[in-house]
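# Observations on chain architecture
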Amino acid sequence: IIIKQSSESRFISIDFIKHYLYWNKPRKDIIMEKKWLYKVENDKISVLLSLIVTVIFAAVTAVLHGFIITLVFTIVMAALTLCSAYRFIFIKLLIGEDSFCHCKSPWDKKEYKYTDISEVWESTGKSVNGASQNYLNYRTPSGEVKKFYFSPCQYDEIAFLIEKIDKDYFNKEGADGSEDE
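Described in the following lines is the structure provided in the data block. Residue numbers restart at each chain and count upward from 1, following the sequence in its written direction. Only residues with pLDDT of 70 or above have their local features reported here, since the model is predicted, and side-chain atom pairs are shown and tallied only from 80 upward, although totals for entire chains, interfaces and linings are computed over all residues. In computing side-chain values, all of the structure's heavy atoms are included and hydrogens and water are not.

## Details of helix α3 (residues 44-63)
Helix numbering and strand numbering both begin at the N terminus, where a helix is a DSSP run of H or I of at least 4 residues and a strand a DSSP run of E of at least 2. Multiply 1.5 Å by the residue count of a helix minus one, and that product is the helix's expected span. If you check α3, its first and last C-alpha atoms are 29 Å apart, about what 20 residues at 1.5 Å a residue would give, namely 28 Å. The classification of residues rests on relative accessible area computed with a 1.4 Å probe and restricted to protein chains. Under 20% of the type maximum is buried, over 50% is exposed, and intermediate values are partly exposed. Among the residues making up α3, those that are buried are Val 47, Ser 50, Thr 54 and Thr 61. Along the axis of α3, the buried positions cluster into a sector of 75°, meaning they face one direction only. Relative to its buried face, α3 has exposed residues pointing more than 90 degrees away, namely Lys 44, Ile 45, Leu 48, Leu 49, Val 55 and Val 63. This arc is built from the directions going out from the helix axis to the C-beta atoms.

Written out as structure tokens, the structure reads:
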């Protein structure tokens, strides 16, 4: 790229272009480039198992020359595999040193500072099949309660997040209280 000035030609360096493109990225891309301490996401096993079952049903359907019942099962399993893959790829909780990011889709990624979250707790519930599920709940600055599903094997990461939010929130309250006195 050449920029003409009054008496001479100057070249814009590639470094300048990279720098310009980096700083003019949409904010959501910058969130994903940040260094995170922990990443809480769905497990790969659920995607793998549903993919294996889908392949089995597809093979049986091919052997039976498109038998309608196995074809329906294949379509249902393919849909479940896609849902499971979507959850694995896009739905995650990224935990950093001073903030965390709740990713719900490729377009819905929200980063919160620990001091902005007023309340955090974990809860358990039963799913449709009766299995127990663990949830991290938190109240956003706007007062909305958000929920994130996590596996029992990810409890250490969630405990770290809860500790950081509680510690930062109470430190912020203590600093606010000392200024009032």
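## A look at the pairing of strand β9 (residues 145-150)
Burial along β9 is one-sided: Lys 146, Phe 148 and Phe 150 are buried, while Val 145, Lys 147 and Tyr 149, pointing the other way, are not. Two successive antiparallel strands, strand β8 (residues 132-139) and β9, enclose a turn made up of five residues, where Gly 143 displays a positive phi of approximately 95°. The pairing criterion is simple: DSSP has to find at least two bridges between the two strands.

## Details of the packing of aromatic side chains
Note on ring pairs: Phe, Tyr and Trp rings are taken, using the six-membered ring of Trp, and paired if centres are within 6.5 Å. Classes follow the plane angle, with under 30 degrees stacked, over 60 edge-to-face and the rest tilted. Summed over the entire model, instances satisfying the criterion amount to eight aromatic pairs. Centroid distance Phe 100 to Tyr 112: 5.6 Å. Interplanar angle 40°. Geometry classified as tilted. One end of the pair, Phe 100, is in strand β5 (residues 99-103); the other, Tyr 112, is in strand β6 (residues 109-113), with twelve residues separating them in the sequence. Each member of the pair Phe 100 and Tyr 112 is classed as buried. Measuring from centroid to centroid gives 5.2 Å for Phe 100 and Tyr 138, while their planes differ by 90°, and the two rings are edge-to-face. Here the residue Phe 100 occupies a position in strand β5, and Tyr 138 occupies one in strand β8, the gap between them amounting to 38 residues. With respect to burial, Phe 100 and Tyr 138 carry one shared label: buried. Note that Lys 147 overlies the ring of Tyr 135, its terminal NZ or CZ placed 4.6 Å from the centroid. Lysine and arginine charges are scored as sitting over a ring when NZ or CZ, respectively, is within 6 Å of the ring centre and within 35 degrees of the ring normal.

## Overview of the pairing of β8
Sheet topology note: the strand β7 (residues 119-126)/β8 ladder contains eight bridges and is antiparallel. The residue of β8 that forms the bridge with Thr 124 is Asn 134. Where β7 folds back on β8, the antiparallel hairpin that results is connected by five residues, among which Gly 130 adopts a positive phi of roughly 90°. Relative to β9, β8 is paired through six bridges, and the arrangement is antiparallel. Pairing of Tyr 135 across the sheet is with Tyr 149, part of β9.

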